[in-house]
Amino acid sequence: GSGRSPPLWPRLAAECRAAFDACSEARVLVVCTESQSTDATPEAIALAAHALCQEQAGTVPVLSSISFGPQSSERLAALSELSAWSGGLSFNVSDVGTLQPAAEGLLAYSFNSQMRRNDFEERRQSYAKKQALRTCFLPLPRIVLLDAASPDTALVEASLAKLLRDTGHVAFDGTCPSESLLAVLSDTSLALPR
């Protein structure tokens, strides 16, 4: 053989299938160490989400991710969205000092026996609202349907309709930052405490 392990997402789908055969839920931690891995590209992650959703007949595992070292912002955004979509969390560990808090956060949220399915569903609901506003980075399938009668859905729809209706009245050019924004961005006197 070539020595290269099989791609991550098909292996994960097979493991999740086995887990769902044995119990009603699965929690997965995806560890990303190679910044050049083809498994963590936004395209691969979007395809994986669609495959997981179809493979598991709508029952998606709770995916959390932790990446180490420098990663492109597109990869981090894709991992973050995949995690939020499935109900999990996403962390990037850029230096040794952030490893312990990231590990503690993952342990407390993803692998705590006290966490109930509703806790993960709340995160999925939040992502579904983002999908309704069409502000997502990735084209992921909908796994949570918002209740049309819920106040949140009505608020999202009303906000979106107002935004679309009022767009012609607001003079805003997103490509050119204003002078006040440039002043804030160029201010180097503020140092955040470590």
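Residues numbered from 1 in each chain as written. Predicted model: local features only at pLDDT ≥ 70, side-chain atom pairs only at ≥ 80, totals over all residues. Heavy atoms only, no water.

1. Here's the deal with the confidence of the model for the protein
When the pLDDT values of the protein are averaged, the result is 74; 66% of them are 70 or greater. The secondary structure element of the protein with the lowest average pLDDT is helix α6 (residues 151-166), at 48, and the one with the highest is helix α3 (residues 73-86), at 91. Confidence over residues 151-160 falls short of pLDDT 50; this stretch has 10 contacts with residues more than four positions distant or in other chains. Low pLDDT, under 50, characterises residues 167-173; the predicted model gives this stretch 0 contacts beyond four residues in sequence or across chains. (pLDDT = per-residue confidence, 0-100. Helix = DSSP H or I, 4+ residues; strand = E, 2+ residues; numbered from the N terminus. Contact = heavy atoms within 4.5 Å.)

2. Focus on the nonpolar core
By size, the foremost hydrophobic cluster in this structure holds 26 residues, and its most contacted members are W9, L12, I45, L63, L82, W85 and L140. Within the residue set of this core, elements represented by two or more residues are α1 (8-22), β1 (27-32), α2 (42-55) and α3. With 7 residues, the top contributor of residues to this core is α2. Ignoring any residue separated from it by four or fewer positions in sequence, one finds L12 in contact with V28, L52 and L63. (Core = buried A, V, L, I, M, F, W, Y, C linked by side-chain atoms within 4.5 Å. Buried < 20%, exposed > 50% of the residue type's maximum accessible area, 1.4 Å probe, protein only.)

3. Things to note about the pattern of salt bridges
Applying the stated rule across the entire model yields 2 salt bridges. Notably, a salt bridge pairs K130 with E81, separated by 3.3 Å at the nearest N-O pair. Of this pair, K130 sits in helix α5 (residues 117-132) while E81 sits in helix α3, placing them 49 residues apart in sequence. Looking at K130, the relative accessible area reads 31%, which means it is partly exposed. For the salt bridge of E121 with R124, the shortest nitrogen-to-oxygen distance reads 3.4 Å. With E121 and R124 both in helix α5 and 3 residues apart, this pair spans about one turn of that helix. Overall, the relative accessible area of 5% leaves R124 in the buried class. (Salt bridge = Lys/Arg side-chain N within 4 Å of Asp/Glu carboxyl O.)

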